[in-house]
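Now for the letters of each chain:
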Amino acid sequence: MFDVYKIRKDFPILSREVNGKPLVYFDNAATSQTPQAVIDTIVDYYSNYNANIHRGVHYLSQEATDVYEEARKKIRKHFNAARLHEIIFTSGTTHSINLVATGFSSILKKGDEIIVSALEHHSNIVPWQMLCERTGAILKVIPMNEEGALEMDAYDALLSEKTKLVFTNHVSNALGTVNPIKQIIDKAHAVGAAVLIDGAQSCPHIKPDVQELDVDFYVASAHKMCGPTGVGMLYGKEEWLNKLPPYQGGGEMIAEVTFEKTTYADLPHKFEAGTPNICGGIAFGAAIDYMNAIGFDTIAAYEDELLKYGTEKLLEIEGLKIYGTTENKTSVISFNIEGIHPYDIGTIVDKLGIAVRTGHHCAQPIMDYYKIPGTVRASFSFYNTKEEIDALVEAVRKAKMMLS
Ligand SMILES: *Cc1c(COP(=O)(O)O)cnc(C)c1O
């Protein structure tokens, strides 16, 4: 049985107050909170075995290396990658996407086409626009509809033998839409294109199986799934990772260096130049352990309950409109109240101790589609409660009264 009150005790921050009120943290789509088990892992690392990895013969270095590589194994298992060296540690989703986009500079030619979805975070748009500038490739966009879903017929029409790469998120951070990625991947493969899936927003809710998906690249950030900031992962199929050139040059990524010629290390080290976020990688592994101990089915079922409850309660407020109304979505509610700026609502609910996000959520094209400056976004995690949602609804009602 899932006991949210017991779970909440794992998160020290949830018992603090903000502006004299108990904190209600509904900005989980921006970053998740950290359980004690992950905090303990970080403290243990710096208290007991902080050392640089992979190079030292001394005891601490070997211990740190072993635990860091153990974390890579946990990540491999979690995403069900076929090979351990298909998991690359990065500083997060943004870094992972830039690594792949930069690598494709040497693969794409002028006139090649790459396809993005209308539902993307800026970090899955801008690196590809930069790639197009470098190569002369052309960026095409799968349009969205009023519900916040992708127009799959339009996707079919965009695909051709010119298509080299398709990239979309698994879940939209601005709306919560779960995209039909298996369909997207299979259709791209049918024309010989590779696919990158941005899993930053899915991984807190869904356990992806990269082999079952047959995806070429899958990327995520630890800090959205109970881990620390500044660390994340890139999964890439071995054949693709071998094809891509190194992203950064430096220590750790070389086999041999002379001033005449440098040869690169094997995977995964070819893409891991410099001293990595060792503690962060280890803590990422601890976060995955923590979430798996609760279970992703349990997490998804409970969060869906919160989503349904929150949607129903918020819609009782007159003039409130929710953006992102597809059947298949994660626990994100993006909304506005007619005639009121989202920032003003966010400011008032913050005074009442409630953390929501306001603005374009790094997804301006979605806001442009709806012709709005932004939304108020409440994103729920498995440690949130219905009572907290009640507090939000009351706060939004209060804000509406004060502002209209
Ligand atoms: C948060 C997020 C990103 C960016 O992640 P970083 O950790 O900031 O690199 C990219 N895509 C989506 C869908 C996100 O939610």
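Everything quoted here is computed from the prediction, not taken from an experiment. (Residues numbered from 1 in each chain as written. Predicted model: local features only at pLDDT ≥ 70, side-chain atom pairs only at ≥ 80, totals over all residues. Heavy atoms only, no water.)

1. Let's talk about the overall build of the protein
Here is the rule: Helix numbers and strand numbers start at the N terminus; a helix is a DSSP run of H or I with at least 4 residues, a strand a run of E with at least 2. Each residue gets one of three labels from its accessible area relative to the maximum for its type: buried under 20%, exposed over 50%, partly exposed in between, using a 1.4 Å probe on protein chains only. Any two residues whose heavy atoms approach within 4.5 Å are treated as being in contact. Exposure was quantified through the Shrake-Rupley algorithm and a 1.4 Å probe, taking into account, for residues, occlusion by the shown protein chains and nothing else. In summary, the charge assignment counts Lys and Arg as positive and Asp and Glu as negative, without counting His or the chain termini. A charge is said to be at NZ when it belongs to Lys, at CZ for Arg, at CG for Asp and at CD for Glu.
The helix and strand inventory of the protein stands at 14 helices and 17 strands. Going through the 404 residues of the protein one by one, you find that 54% of them count as buried. Within the protein, residue pairs in contact and separated by at least 24 positions form 71% of the contacts whose partners lie at least 6 positions apart. Of the accessible surface of the protein, which amounts to about 17200 Å², a share of 52% is contributed by carbon and sulfur atoms. Charge centroids of the protein, computed over 38 positive and 51 negative side chains, lie 2 Å from each other.

2. A word on helix α7 (residues 181–190)
Condition: By definition, the arc is the one covered by directions from the helix axis to the C-beta atoms.
Turning to α7, its buried residues are Ile181, Ile184, Ile185 and Ala188. Relative to the axis of α7, the buried residues are bounded by an arc of 95 degrees and lie together on one face. Lining the buried residues of α7 we find α6 (152–158), β7 (163–169), β8 (194–198) and α8 (210–213). Of the residues flanking the end of α7, it is Gly192, one or two places downstream, whose phi is positive at about 85 degrees.

3. Side note on the packing of helix α2 (residues 36–49) against helix α3 (residues 59–79)
Heads up, the condition is: Helix axes use the C-alpha atoms of the stretch in contact, all axes being lines fitted to C-alpha atoms, and the angles between their N-to-C directions lie in the range 0 to 180 degrees. Orientation categories follow fixed angle ranges, with anything under 35 degrees roughly parallel, anything over 145 roughly antiparallel, 65 to 115 roughly perpendicular, and all other angles oblique. Crossing handedness follows the turn of the near helix against the far one: under a right angle anticlockwise gives a left-handed crossing, and clockwise gives a right-handed one. Classes in brief: Ala, Val, Leu, Ile, Met, Phe, Trp, Tyr, Cys and Pro nonpolar; Asp, Glu, Lys and Arg charged; the others, Gly included, polar.
Across the interface, α2 lies against α3 with an axial gap of 11 Å and an inter-helix angle of 160 degrees. As judged from the angle between their axes, α2 and α3 are roughly antiparallel. For the element pair α2 and α3, the recorded crossing hand is right-handed. Here Tyr45, Asn48 and Tyr49 of α2 come into contact with α3, specifically with Leu60, Glu63, Ala64 and Val67. Among the residues making up the contact of α2 with α3, the classes are represented as 5 nonpolar, 1 polar and 1 charged.

4. Considering the domain arrangement of the protein
This is how the line gets drawn: What fixes the domain bounds is an automatic or database domain assignment. Using a 1.4 Å probe, buried area is obtained as the accessible area two parts lose upon being combined, added over both of them. Note on definitions: salt bridges are taken to be side-chain nitrogens of Lys or Arg within 4 Å of carboxyl oxygens of Asp or Glu. Residues adjacent in sequence count toward polar contacts only when both atoms are side-chain atoms; beyond that, a polar contact is any pair of N or O atoms within 3.5 Å, and within protein one must be able to donate a hydrogen and the other to accept it.
By the assigned domains, the protein splits into domain 1 (4–30 + 295–403) and domain 2 (39–292). Of note, the centres of domain 1 and domain 2, computed from C-alpha atoms alone, are 28 Å apart. The interface is formed by 35 residues belonging to domain 1 together with 34 residues belonging to domain 2. With both sides pooled, the region where domain 1 packs onto domain 2 buries about 2700 Å², and carbon together with sulfur makes up 59% of that total. Applying the counting rule to domain 1 against domain 2 returns 1 salt bridge. Between Glu146 and Lys321 there is a salt bridge; the shortest N-O distance is 3.4 Å. For the pair domain 1 and domain 2, the number of links is 18 residue pairs in polar contact (both at pLDDT 80 or more). Looking at the side of domain 1 that touches domain 2, the elements that each hand over two or more residues are α11 (296–315), β13 (320–323), β14 (332–337) and α13 (364–370). In terms of residues, the side of domain 1 that touches domain 2 owes the most to one element, α13, which gives 6 residues.

5. A closer look at the packing of aromatic side chains
Filter applied, for reference: Paired rings are identified among Phe, Tyr and Trp, the last through its six-membered ring, by centres lying within 6.5 Å, and are further divided according to the angle between planes into stacked (under 30 degrees), edge-to-face (over 60) and tilted (the rest).
The full count for this structure, using the stated rule, is 17 aromatic pairs. Centre to centre, the rings of Trp128 and Phe167 are 3.9 Å apart; their planes meet at 15 degrees, and the pair counts as stacked. Of the two residues, Trp128 sits in helix α5 (residues 126–135) while Phe167 sits in strand β7, which places them 39 residues apart along the sequence. For Trp128, a relative accessible area of 0% translates into the label buried. Classification of Phe167 by relative accessible area gives buried; the value is 0%. For the pair Phe382 and Tyr383, a centre-to-centre distance of 5.3 Å together with 70 degrees between the ring planes defines the contact as edge-to-face. Since its relative accessible area comes to 1%, Phe382 is described here as buried. Note on Tyr383: relative accessible area 0%, which makes it buried. An aromatic cluster of three or more residues is present, and its members are Phe11, Tyr290, Phe382 and Tyr383.

6. A closer look at the site of the ligand
To keep it simple, the criterion reads: Here, proximity means that at least one heavy atom of the residue falls within 4 Å of the molecule or strand.
Near the ligand, the surroundings consist of Thr93, Thr94, His121, Ser123, Asn173, Asp198, Ala200, Gln201, Ser221, His223 and Lys224. Take Thr94: an N or O atom from its side chain is 2.6 Å from an oxygen atom of the ligand. Contact between the ligand and His223: an oxygen atom at 2.7 Å from a side-chain N or O atom of the residue. When isolated, the ligand has an accessible area of 380 Å², and the protein chains bury 86% of it.

7. Let's talk about the state of the cysteines
Our working definition: In this description, a disulfide is simply a cysteine sulfur pair whose atoms lie within 2.5 Å.
Inspection of the entire model under this criterion finds 0 disulfides. Not engaged in a disulfide, the cysteine Cys226 finds its nearest cysteine sulfur in Cys203; these two sulfurs lie 12 Å apart. Residue classification places Cys226 among the buried residues on the basis of a relative accessible area of 2%.

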